[in-house]
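# Understanding the architecture of this molecule
Each chain, letter by letter, is given below.
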Amino acid sequence: MNKAEFIAAIAQKSGLTQKQSGIALNAMIDVITQTLKEGDKLQLTGFGTFEVRERAARKGHNPSTGEPMDIPASKAPAFKPGKSLKDAL
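Now for a quick tour of the structure.

About the criteria used
Residues numbered from 1 in each chain as written. Predicted model: local features only at pLDDT ≥ 70, side-chain atom pairs only at ≥ 80, totals over all residues. Heavy atoms only, no water. Pairing = 2+ DSSP bridges. Helix = DSSP H or I, 4+ residues; strand = E, 2+ residues; numbered from the N terminus. Axes fitted to C-alpha atoms, helices over the stretch in contact; angles between N-to-C directions. Parallel < 35°, antiparallel > 145°, perpendicular 65-115°, else oblique. Left-handed = near helix turned anticlockwise from the far one by under 90°. Contact = heavy atoms within 4.5 Å. Nonpolar A, V, L, I, M, F, W, Y, C, P; charged D, E, K, R; others polar. Phe/Tyr/Trp six-rings, centres within 6.5 Å; stacked < 30°, edge-to-face > 60°. Buried < 20%, exposed > 50% of the residue type's maximum accessible area, 1.4 Å probe, protein only.

Further remarks concern the pairing of strand β3 (residues 58–61). In this structure, β3 lies alongside strand β4 (residues 68–71), joined through four bridges in antiparallel fashion. What sits directly across from Arg58, in β4, is Ile71. Between the end of β3 and the start of β4, which pair antiparallel, lie six residues, with Gly66 showing a positive phi angle near 80°.

Put into structure tokens, the structure is as follows:
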């Protein structure tokens, strides 16, 4: 399912227009992004938790040359599904 299909499904289930559903979806994505940027986590009970995880610096190698290289520390978004979502699958 792509974003347009997702918006259409939201519109059908909610009774909103596709334009309103698109606005709501974009607002939700913006709120999740802003929350993670601020270093907070977002917990949606029954669905799951969005959070930022720290990745430590580590040694790696260049796959094309085999040469060792340093991989810097970074932050990565993560999603942990909630119990209700796991049970539904």
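Text resumes after the structure shown.
Running from N to C, helix α1 (residues 3–14) and helix α2 (residues 18–37) point in directions that differ by 115°, and their axes come no closer than 8 Å. The pairing of α1 with α2 is recorded here as roughly perpendicular in orientation. Judged by the sense of rotation from one axis to the other, the crossing of α1 with α2 is right-handed. Across the interface between the two elements, Lys3, Phe6, Ile7, Ala8, Ile10, Ala11 and Ser14 from α1 touch Gln18, Ser21, Gly22, Leu25 and Asn26 from α2. Classifying every residue of the contact of α1 with α2 by side-chain character gives six nonpolar, five polar and one charged.

Centre distance and the angle of the planes are the two values used to describe a pair of aromatic rings. The final tally for this structure, using the stated rule, is two aromatic pairs. Ring plane angle 50° and centroid distance 5.4 Å describe the contact between Phe47 and Phe79, whose orientation is recorded as tilted. Separated by 32 residues along the polypeptide, Phe47 in the loop between β1 (42–44) and β2 (48–55) and Phe79 in strand β5 (residues 74–81) bring together distant segments of the chain. Using a relative accessible area of 40% as the deciding quantity, one classes Phe47 as partly exposed. By relative accessible area, which is 33% here, Phe79 ends up partly exposed. Ring geometry for Phe50 versus Phe79: centroids 4.9 Å apart, planes at 50°, classification tilted. A residue pair is termed long-range when its members are at least 10 positions apart, and Phe50 in strand β2 and Phe79 in strand β5 qualify at 29 residues. By relative accessible area, which is 18% here, Phe50 ends up buried.

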